[in-house]
Structures are given as structure tokens and as C-alpha cells.
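# Coordinate inspection notes
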Amino acid sequence: MRAVTTSPSSPPPSAVPDVDVVLPCLNEAAALPWVLGRIPAGWRALVVDNGSTDGSADIALAHGATVVHEARRGFGAACHAGLTAATAGIVCFCDCDASLDPGLLVPFVREVLDGDADLVLGRRRPQGRGAWPAHARAGNLALARILRRRTGLRLHDLGPLRAARREALLGLDLDDRRSGYPLQMVVRASDAGWRITEHDVAYLPRAGTSKVTGTWRGTWQAVRDMSRALRERPRVQAGGG
């Protein structure tokens, strides 16, 4: 079951901003103040609490975010709960662990609004030691190469920082609720003929321990989830427009 809680400082429905930022969250109390402080003015932060036990939801509310509660565990479950709860024309995604600055999404959104791209992705460039463990980087590189063969897209990363139009994203009928969600989005967008671009973004050492790529086992599970998306047969979809 999913529930939405809006903080007193969140804008009323008549003043909902044009951009919603979905922030999947599982025990990110240490990172939330920095992340939410970097949300561009006028945008709405949707923190999707995926069962946190460290008070993340309360911290998010205190910093002006709208909190969406998603009981079903999984990165994809949290992301999709945020997407369905969003109301803005443009929806962005960003990790909630302080490894990525949501302020970097501003040019992504402009590119979508200007009609130059349907889906804009961030190519992570690690800043400092420990920002991106070797095993996680190796898994990402392998998947990116397979993605090129599957779609023809010359992408280098499957990172979480991204922007697209809400209605078009919903039209992709994404159904992965685990680690394969970001890759399934790219695969189905490519099958639909979307214009997909990629830009370098700084990737910082995250706060706390990663729930997915912090270990070899977690990385392997993520790669396995994403491999399913790569085996999908091409689907006929509407354009990203």
C-alpha cells in the first residue's frame, strides 16, 4: 500500500511546480538534508520512503519534501511509486544518498522542455576515491555494452540521474520493481523511438553504505535484474514527445 504525506511547507495543488524530483529512500537520514537543500527552487521533492527505520520520512517532511510511503521493497518499486505520485509535466529521478547533486538536473529539464531530447541521462564521473567501487563500475560497463548491442544507443552509464516527461514515462508501462527499473526505462524508451541523450555529472562518495552496489553480491543481483530488461523483445510504443 502506498500513502502520500505532504509537509506544511509544500505547495498547494494549484501551485504544483512544473518539475517533480523522485528520490527513492531507504535509511538515508544522514544524506537527506544535503540532497533536499540542493533541489532547485520551485521544484517539488518526492521522497519515496521504502521502509526506513532511521526517521528518514520525518527528516524529509521537516525539509519541505512530500513523502510517499511505498511498502513493497525494491528500487524499482520506490521509483515507480514516485512516478505515479508525481503531478508535474516533467519528472526527474535522483538517488537520495548524496552521491548526486539534484541541482545538476536543471539543464536536463531544459533539454526536455526545449524538445531536444525525450530522455536525458547523467553519465557518472567519480570524484575522489571510493565514489564508485570497482565491482560496481565493472558491472555497469558490461551492461552498457550489452545495451549498445540491444538498442544501438551509444550510452556509457545506466545511472539514476535522469529527466523525461511524466505522461510519456507512464506510457512505457514499466513493470520491473527491482534494480532493473532504470535499464528497463532506457530499453523501452529506445524501442519507442525516443531521443535519448547523456551528459557527464559529478559522482560523489555516498553517505552510508549502498544497499545495492556496496557489495559484490548486491552488484550481481542488480546485474541479474537488469539483464532481464535486456532480454525483452522490442515493444511498439508511442514516442516520447
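Worth saying up front: this structure is predicted, and the values here are computed from it rather than measured.

### Concerning the overall build of the protein
Across its full length, the protein holds eight helices and eight strands. Residue burial in the protein is summarised as follows: out of 241 residues, 55% are buried. Taking the contacts inside the protein whose residues are at least 6 apart along the sequence as the reference set, 77% of them involve residues at least 24 apart. By element, 52% of the accessible surface of the protein is carried by carbon and sulfur atoms, the whole surface being about 10,800 Å².

### Some details on the pattern of salt bridges
Applying the stated criterion across every chain, the model contains nine salt bridges. Where Arg44 meets Asp20, a salt bridge forms, and the shortest distance between an N and an O atom there is 3.1 Å. Here the residue Arg44 occupies a position in strand E3 (residues 44-49), and Asp20 occupies one in strand E2 (residues 19-25), the gap between them amounting to 24 residues. Comparing Arg44 with Asp20, the two get one shared label, buried. Its salt-bridge partner being Asp191, residue Arg150 comes within 3.0 Å of it at the nearest N-O pair. You can see Arg150 sitting in helix H5 (residues 134-151) and its partner Asp191 sitting in helix H7 (residues 181-191), a full 41 residues away along the chain. Here the two residues Arg150 and Asp191 agree in accessibility, since each one is buried.

### Description of the environment of Asp54
Mapped onto the elements of the fold, Asp54 is located in the loop between E3 and helix H2 (56-62). On the basis of relative accessibility, which here comes to 32%, the residue Asp54 falls in the partly exposed class. Between the alpha carbons of Asp54 and Leu26 there is a distance of 8.7 Å; along the sequence they are 28 residues apart.

### Here's the deal with the pairing of strand E7 (residues 162-165)
Bridging between strand E5 (residues 90-93) and E7 involves four bridges; their strand directions are antiparallel. Residue Phe93 lies in a different strand from E7, and its bridge partner there is Arg162. By the bridge criterion, three bridges tie strand E6 (residues 119-126) to E7 in an arrangement that is antiparallel. Residue pairing in the sheet places Val120 in a bridge with Ala163 of E7.

### Re the confidence of the model for the protein
Confidence in the prediction for the protein averages 86 pLDDT; 80% of positions are at 70 or higher. This stretch, residues 8-16, has a pLDDT under 50; its non-local contacts, to residues over four places away or in other chains, come to six contacts.

### Structural notes on the packing of aromatic side chains
Counted by the stated rule, this structure contains zero aromatic pairs. We note Arg124 situated over the ring of Tyr203; from NZ or CZ to the ring centre the distance is 5.1 Å.

### Some points on unusual backbone geometry
A positive phi angle, close to 55°, is found at Asn27, a residue other than glycine. Relative to the assigned elements, Asn27 resides in the loop between E2 and helix H1 (32-37). Relative accessible area serves as the criterion here: at 30%, Asn27 is assigned to the partly exposed category.

### Let's talk about the nonpolar core
The nonpolar side chains of a soluble globular protein tend to be buried with one another. Ranked by internal contacts, the top residues of the largest apolar core, which has 34 residues, are Val21, Leu23, Leu36, Trp43, Val47, Cys92 and Leu105. Counting residues per element, the ones that place at least two in this core are E2, H1, E3, H2, E5, helix H4 (106-113) and strand E8 (196-203). The leading source of residues in this core is E2, at four residues. Judged by nonpolar contacts, the second largest core, of 32 residues, contains Ala81, Leu119, Leu153 and Leu155.

The rules behind these values
Residues numbered from 1 in each chain as written. Predicted model: local features only at pLDDT ≥ 70, side-chain atom pairs only at ≥ 80, totals over all residues. Heavy atoms only, no water. Helix = DSSP H or I, 4+ residues; strand = E, 2+ residues; numbered from the N terminus. Buried < 20%, exposed > 50% of the residue type's maximum accessible area, 1.4 Å probe, protein only. Contact = heavy atoms within 4.5 Å. Areas by Shrake-Rupley, 256 points an atom, 1.4 Å probe, with all protein chains shown as cover. Salt bridge = Lys/Arg side-chain N within 4 Å of Asp/Glu carboxyl O. Pairing = 2+ DSSP bridges. pLDDT = per-residue confidence, 0-100. Phe/Tyr/Trp six-rings, centres within 6.5 Å; stacked < 30°, edge-to-face > 60°. Lys NZ or Arg CZ within 6 Å of the ring centre and 35° of its normal. Core = buried A, V, L, I, M, F, W, Y, C linked by side-chain atoms within 4.5 Å.

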